[in-house]
Amino acid sequence: MDGVALLTITVLAVFVGFEVVSKVTSTLHTPLMSGANAIHGIILIGAIIVAGQAEDTVTLVVALVAVVLATANLVGGFVVTDRMLEMFRGRRKAPAGVGEEGER
Amino acid sequence: MILLDPTWTAVLYLIAAVCFILALKGLSSPKTARRGNLIGAAGALLAVVTVFLSSKLENIPWILAAIAVGSAIAAPVARRVQMTQMPQLVAMFNGVGGGAAALVALLELPHAGDAWVRLAIAFTLFIGAVSFAGSMVTFAKLQELMTTRPIVFPGLAVLTVLVATLALAAGAVVVVAGPAWAAIALAVIGLASGILLVLPVGGADVPIVISLLNAFTGLAVAASGLVLGNVLLVVAGTLVGASGTILTRAMAAAMGRSVQGILFGAFRGGSTAGSTVASDRPVRSSSAADIAVLLGYAQKVVLVPGYGLAVAQGQHTIAELQAALEERGIEVSYAIHPVAGRMPGHMNVLLAEADVPYESLVEMDRANPGFRTTDVALVVGANDVVNPAAKTTPGSPIHGMPILEVGDARQVVFLKRSMRPGFAGIENELLFDPKTTLLFGDAKASLTELLAAVKGL
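Residues numbered from 1 in each chain as written. Chains lettered and ligands numbered in written order. Predicted model: local features only at pLDDT ≥ 70, side-chain atom pairs only at ≥ 80, totals over all residues. Heavy atoms only, no water.

So, about the overall build of chain B. Helix and strand content of chain B: 17 helices and six strands. Relative to the compact-globule value of 23 Å for 457 residues, chain B shows a C-alpha radius of gyration of 25 Å, a close match. Taking the principal axes of the C-alpha coordinates as reference, chain B spans close to 75 × 50 × 35 Å. The buried share of chain B, taken over its 457 residues, is 57%. The long-range fraction of contacts in chain B, counting pairs at least 24 apart against all pairs at least 6 apart in sequence, stands at 77%. Just so you have it, chain B exposes about 17,900 Å², and 66% of that area is on carbon and sulfur atoms. Positive and negative side-chain charges of chain B, numbering 28 and 26 respectively, have mean locations separated by a distance of 3 Å. (Helix = DSSP H or I, 4+ residues; strand = E, 2+ residues; numbered from the N terminus. Rg over C-alpha atoms; globule rule 2.2 N^0.38 Å. Buried < 20%, exposed > 50% of the residue type's maximum accessible area, 1.4 Å probe, protein only. Contact = heavy atoms within 4.5 Å. Areas by Shrake-Rupley, 256 points an atom, 1.4 Å probe, with all protein chains shown as cover. Lys, Arg positive; Asp, Glu negative; His and termini not counted. Charge placed at Lys NZ, Arg CZ, Asp CG, Glu CD.)

Here we come to the sheet that holds strand β2 (residues 331-336) of chain B. All names here are of chain B. Across the sheet, six strands lie side by side as β3-β2-β1-β4-β5-β6; this open sheet has parallel pairing. The two strands at the open ends of the sheet, each matched to only one other strand, are β3 (361-363) and β6 (436-440). With strand direction ignored, the average angle separating the axes of adjacent strands in the sheet is 25°. As defined by bridge partners, strand β5 (residues 411-416) adjoins β6 across five bridges and the pair is classed as parallel. When the sheet's bridge partners are listed, L415 is paired in β6 with L439. Of the strands in this sheet, β1 (300-305), β2 and β3 touch helix α14 (residues 346-353), which is tilted by about 140° from β2. Helix α17 (residues 443-455) contacts β4 (376-380), β5 and β6 of the sheet and is inclined by roughly 130° relative to β5. (Pairing = 2+ DSSP bridges. Axes fitted to C-alpha atoms, helices over the stretch in contact; angles between N-to-C directions.)

Let us now look at the confidence of the model for chain A. Residues and elements named next belong to chain A. When the pLDDT values of chain A are averaged, the result is 82; 84% of them are 70 or greater. The least confident element of chain A, judged by mean pLDDT, is helix α5 (residues 98-103) at 36; the most confident is helix α3 (residues 44-52) at 96. Throughout residues 90-104 the model reports pLDDT below 50, and contacts reaching past four residues in sequence, or to other chains, amount to 22 contacts. (pLDDT = per-residue confidence, 0-100.)

In this section: the interface of chain B and chain A. Facing 96 residues of chain B, the contacting portion of chain A comprises 78 residues. Summing the contributions of chain B and of chain A, the shared interface buries around 8,200 Å²; its carbon and sulfur component is 75%. It is L27, R34 and Y358 of chain B that lose the most area in chain B upon contact with chain A, and together they represent 9% of the buried surface on that side. For the pair chain B and chain A, the number of links is three salt bridges. With a shortest N-O distance of 3.9 Å, R34 of chain B and E86 of chain A are connected by a salt bridge. Across the contact surface, chain B and chain A share 13 residue pairs in polar contact (both at pLDDT 80 or more). A per-element tally of the side of chain B that touches chain A places helix α9 (residues 231-254) of chain B first, with 15 residues. Classifying every residue of the side of chain B that touches chain A by side-chain character gives 62 nonpolar, 22 polar and 12 charged. (Buried area = accessible area lost by both parts, 1.4 Å probe. Salt bridge = Lys/Arg side-chain N within 4 Å of Asp/Glu carboxyl O. Polar contact = N/O pair within 3.5 Å; in protein donor to acceptor, adjacent residues only side chain to side chain. Nonpolar A, V, L, I, M, F, W, Y, C, P; charged D, E, K, R; others polar.)

Encoded structure:
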């Protein structure tokens, strides 16, 4: 893909990022940080590609370390976020009004 | 083995990118948050399957083994961690992500065709290393492996400028010619920079720095996407970079601080360093039985939970106390400071764990006017977030931070471990106020005593 197309995508992603997060209530700031943290674990894709192209042992070992680290970020990030959000379930009453607050 | 042509690959990556956007979007409401997170995880899985089906890869058994090892380490830790230790775990996961990005960039360097690609590599390498080392220091601070206070030493400012200059020089060499020694030097300088960045940050500001480093890792991942020509990495990394930046600013605003002030405030000296010495001024302390009488015959009680409650795992006990008081017809609510706990929103997570209904939790802006009609404000393990010094003492490290104005209540009760100052290391005038009563001890033990006493009224 050419540079201008990638730049276009990058700029659009910045706006989507700002737009999506600007509405989050402070109640959910911690899960949001953790969720965003999980998402950058997708660097795993890059780690898999470099490990798959490794031609010598040193490169392979370093790349596999990157795979382990990226997997820990990705898997751990989503699991920990899920656990946090699990806490918001099981109200004694239905969380009336919660939806409106979030959508504001 | 290539089973997917480039068009299908691009479409699947696009779907994964949309899943990530939905994951962040879902976090705008507690109702949709969990589903959003699962959609995000599904997107990640789709992307990993896609990369295996669309690229020519060697060493596949090794790669699968490494993925298994990474999962086997992270999943049980993430499952078992206590809610109170969440911030340091998030810091740890962020750090390893940054480290992975730096390693990927390092390995791509020999394949870099032109200077633009080497610029993206230098950026990823440096920022990834900063994020890795910085996150490890924040982990050590939150885990209390080292002091949580700002660490400043003579020459720190000079050293920081020196390291930044070296980074620019090594970065320039990488961009122009791309020798391996310069790349490794840049990575080492990045590690040093990460440590120097976080050392001067103290106590309550540490979570904000985690959020900032989270945004950094996002940017490093986005840059590595440019290196590999992978749109998904560009989109996911940029999303995290942008959302992390907003979150960092929102968190700093909740504490009345600027991001620059947090990072570089300690360089100015003096003001962020508080005292750890306990005061010997007289205070009024009382027994659980007396305080139970105070609570049991009030009409309106506001509970103000803080980090001390979380550390003592007292969230279930305070929920029981709330129920016991409500049974007596008392109006009970929780006043939640945005940064109560160790991260913004952390206290909501902890109380949600104890099944406290969402509608009992009152955010600071709505809680503050209510204190004037409150009979008893019960502060459990919170100090800095109710400290009037934030409003009255211009030189104080927490000056400007919005606080819960518990001083407006008719009576104030503090459950405290000791007279030692809180996280920010400053004394709280409110403790010496004539209408304040203290109950010393572990938050959970004190709450259990109070609960028994209230039930016995």
